[in-house]
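# A closer look at the structure
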2 protein chains.
Amino acid sequence: MKKDRRIDKSKNALKEALICLMNEKEFKSITITEIVHLANLNRGTFYKHYPTQEELLNELIEDILNDLIDSYREPYKTMKNFEVGKMSSSSIKIFDHVERYSRFYTIIINSNVLPGFQNRVCQVLKELVQHDLAAVKPEANIDRSLLSSYNAYALFGLIIEWVNGGYKFTPHQMAEQLLNIILYQTPRESIEAVADTNKLS
Amino acid sequence: MKKDRRIDKSKNALKEALICLMNEKEFKSITITEIVHLANLNRGTFYKHYPTQEELLNELIEDILNDLIDSYREPYKTMKNFEVGKMSSSSIKIFDHVERYSRFYTIIINSNVLPGFQNRVCQVLKELVQHDLAAVKPEANIDRSLLSSYNAYALFGLIIEWVNGGYKFTPHQMAEQLLNIILYQTPRESIEAVADTNKLS
DNA sequence: AGTGAAGTGTTGACTAACGAACATCTGAAT
DNA sequence: ATTCAGATGTTCGTTAGTCAACACTTCACT
């Protein structure tokens, strides 16, 4: 028995409405009545799924982080024995994820609401990078935690700059920028060695 | 008891899906399964409201014509003793209507599917114009049917050109164009006399 | 001719979402 | 301090939409 699609439709409508309202006013001042009005749903439907606005926001954040993880791992589904050199910019999906939730990222990053979100994104990125590193033979004198954190925050910096600049580039252009940075910033002779540590997006 | 909003949501999803599919393929080749798949609805939901695709299309057309009528009459709600000279381009809503259903208008006008639709639009426009004329004192030697048809098709010509040109103007610019044509094409001394016959949009 | 994949039309049991109504609670205006 | 409009949290009966399953048709391909 497949899951009833009405549930997802209602939940998505509520989350979409919440993002929309967060664009306009402070989260704390958003009422449940406002949310269901914008979502075009009965108020009882809200209470069937969430006790408070905070719980709705929490689930939205979980959705976004899960989509971030899926997007990051997207290239891995098709390839094996990953190599940055053979990676095409179109296979990098993490910037598509950011664009998908661009309104939310703009709210969070440009303002100071929900400061913990940025840290959670970085933490997730770091774990994703670290997981990749685990499958690669160790590099001399480089601590894995340090290296993964280095790469995770570098990627996050790219995202921050993109968001704060008002999305002046397409996701594809961002992917190209990332590839260029990875491939040409690294000293030529060590590209192959480091390549496997940079399985970004 | 207000009407159950689930009905409108489902019907709108089906109509939106139909427009989307008509953009890509011939109407006759569109299956019900395709429609409900794109609308993200159960097939039974379709049959609960419509026996065939044709009936869905018919109701969509009725929706569009009703919205056309509402949009045309929008300025009348706020004003009495209508005068074109005092009419602002922002009060003209008929081009907003066309933009709202722009995808549908493009399909119908650029191609030859559903040729009857254009005639129905013109007929509706003519009746709207004629209804306005009925409230105005008769002009010497001008047949009312001819005058209303003249104005209705003139307006339709504006729309056709706009659609075929790929919507190169905003609805507001179109409204300004219409006002300019009405006000400056007419001989100066007869503006007042004809003004009331041009309650367009 | 015959096979099979895909669309059609319908049914039945189940449930999420519906409107309406209720008794609170809140907070800004008086 | 009082009022009162608006938000909250909950309940109840109803219904639109859900999935799954069915028999049937269509038609392209073998």
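Everything here concerns the structure above.
We now turn to the structure provided with this report.

Cut-offs and rules
- Each residue is numbered by its place in its chain's sequence as written, counting from 1.
- For naming, the first written chain is A and the first written ligand is 1, with later ones following in the order written.
- Reporting of local features is limited, given that this is a predicted model, to residues whose pLDDT is at least 70; pairs of side-chain atoms are given and counted only at 80 or more, and all residues count toward the totals for whole chains, interfaces and linings.
- With hydrogens and water excluded, all non-hydrogen atoms of the structure serve as input to the side-chain values.
- Using a 1 Å grid laid over the protein atoms alone, points where a 1.4 Å probe fits but cannot get out form a cavity; open sets with protein on both sides within 12 Å along at least 5 of 7 lines form a pocket; any residue with an atom within 4 Å of a point counts as lining.
- Grid points are joined across faces, edges and corners, and a volume is the space filled by probe spheres set on the points.
- Put simply, DSSP H or I for four residues or longer makes a helix, DSSP E for two residues or longer makes a strand, and each gets a number counted from the N terminus.
- Side-chain classes are defined by residue name, with Ala, Val, Leu, Ile, Met, Phe, Trp, Tyr, Cys and Pro counting as nonpolar, Asp, Glu, Lys and Arg as charged, and the others, Gly among them, as polar.
- For salt bridges, the criterion is a side-chain nitrogen of Lys or Arg within 4 Å of an Asp or Glu carboxyl oxygen.
- The cut-offs for exposure are 20% and 50% of the maximum accessible area for each residue type, with area from a 1.4 Å probe on protein chains only; residues under the lower value are buried, those over the upper are exposed, and the others partly exposed.
- Any helix carries an expected span of 1.5 Å times its number of residues minus one.
- Consider a residue and the seven residues that end there alongside the seven that start there; fitting an axis to each set, the bend is the angle between those axes.
- Contacts are residue-level and defined by heavy atoms, with any inter-residue pair within 4.5 Å sufficient.
- Between N or O atoms, a polar contact is any pair within 3.5 Å; within protein, one atom must be a potential hydrogen donor and the other a potential acceptor, and residues adjacent in sequence are included only when both atoms are from side chains.
- Throughout, near means a residue has at least one heavy atom within 4 Å of the molecule or strand.
- This count recognises Lys and Arg as positive and Asp and Glu as negative, with His and chain-terminal groups excluded.
- To superpose the copies, least squares is applied to the C-alpha atoms of every residue with a pLDDT of at least 70 in both.

A word on the layout of surface pockets. Estimated volume of the largest pocket: approximately 1,400 Å³. Taken together, 38 residues make up the lining of the largest pocket; nearest its centre are Arg6(A), Lys9(A), Ser10(A), Arg6(B) and Ser10(B). If you list the elements that add at least two residues to the lining of the largest pocket, you get helix H1 (5-24) and helix H3 (43-49) of chain A together with helix H1 (5-24), helix H2 (32-39) and helix H3 (43-49) of chain B. For the lining of the largest pocket, a count of residues per class yields ten nonpolar, 13 polar and 15 charged.

Turning our attention to the pattern of salt bridges. All chains considered together, the criterion is met by 18 salt bridges over all chains. Two residues, Arg6(B) and Asp4(B), come together in a salt bridge whose shortest N-O distance is 2.9 Å. Exposure remark for Asp4(B): the relative accessible area of 33% places this residue in the partly exposed category. With its nearest N and O atoms 2.5 Å apart, the salt bridge here joins Asp63(B) to Lys15(B). Of this pair, Asp63(B) sits in helix H4 (residues 53-78) while Lys15(B) sits in helix H1; the two residues are 48 residues apart in sequence, bridging distant segments of the chain. Here Asp63(B) falls in the partly exposed class, since its relative accessible area comes to 25%. Note on Lys15(B): relative accessible area 6%, which makes it buried. Through salt bridges with shared partners, a single network forms among Lys11(A), Lys15(A), Glu59(A) and Asp63(A).

Okay, H4(B) next. All names here are of chain B. With 26 residues, H4 extends 39 Å between its outermost C-alpha atoms, agreeing within 8% with the 38 Å of an ideal straight helix rising 1.5 Å per residue. Of all the bends in H4, the greatest, near 35°, is centred on Tyr72, and the proline Pro75 appears no more than four residues after it. Among the residues of H4, Gln53, Leu56, Leu57, Leu60, Ile61, Ile64, Leu65, Asp67, Leu68, Ser71, Tyr72 and Pro75 are the ones counted as buried. On its buried face, H4 sits against H1, H2, H3, helix H5 (94-100), helix H6 (102-110) and helix H7 (116-134).

With that settled, the discussion passes to the environment of Lys168(A). All names here are of chain A. Tracing the sequence through the fold places Lys168 in the loop between helix H8 (144-164) and helix H9 (171-185). Sequence separation between Lys168 and Tyr150 is 18 residues, and the spatial gap between their C-alpha atoms is 25 Å. Discounting chain neighbours no more than four positions away, the residues touching Lys168 are Trp162 and Gln173. For Lys168, the side chain forms a polar contact with the main-chain oxygen of Gly165, separated by 2.9 Å.

Right, let's get into the protein's contact with DNA strand D. Taken together, 24 residues form the shell around DNA strand D, and within it Met1(A), Arg5(A), Arg6(B), Ser10(B) and His49(B) come nearest. Each atom of DNA strand D within 4 Å of the protein was assigned to sugar, phosphate or base; sugar and phosphate come to 65%. The separation between a base nitrogen of DNA strand D and a polar side-chain atom of Arg6(A) is 3.1 Å. Between DNA strand D and His49(B) there is a distance of 2.6 Å, counted from a phosphate oxygen to a side-chain nitrogen or oxygen. For the surface near DNA strand D, the elements supplying multiple residues, two or more each, are H1, helix H2 (32-39) and H3 of chain A together with H1 and H3 of chain B. Considering every element that reaches the surface near DNA strand D, the biggest residue donor is H3(B), with four residues.

Another point: the side chain of Lys126(A). All names here are of chain A. Looking at where Lys126 falls in the secondary structure, it is placed in helix H7 (residues 116-134). Among buried charged residues, Lys126 stands out as having no salt bridge; its nearest opposite-charge side chain is Glu127, 7.4 Å away. What Lys126 contacts, discounting residues up to four positions off in sequence, is Ser145, Ser148, Ser149 and Ala152.

Near DNA strand C lie 24 residues; those nearest to it are Arg6(A), Ser10(A), His49(A), Met1(B) and Lys2(B). Among atoms of DNA strand C positioned within 4 Å of the protein, sugar and phosphate together represent 67%. Within the side chain of Thr45(A), an N or O atom sits 2.7 Å from a phosphate oxygen of DNA strand C. Among the elements of the structure, H1 and H3 of chain A together with H1, H2 and H3 of chain B are those that each provide at least two residues to the surface near DNA strand C. Element by element, the count of residues in the surface near DNA strand C is highest for H3(A), at four residues. Of the residues assigned to the surface near DNA strand C, the class counts are five nonpolar, eight polar and eleven charged.

Attention shifts here to the relation of the copies chain B and chain A. Screw-axis analysis of chain B against chain A gives a translation of 0.1 Å along the axis, an RMSD of 0.0 Å, and a rotation angle of 180°. The superposition operator between the copies reduces to a two-fold rotation axis. Comparing interface residues between copies, 100% of those in chain B also lie at the interface in chain A; the contact surface is shared.

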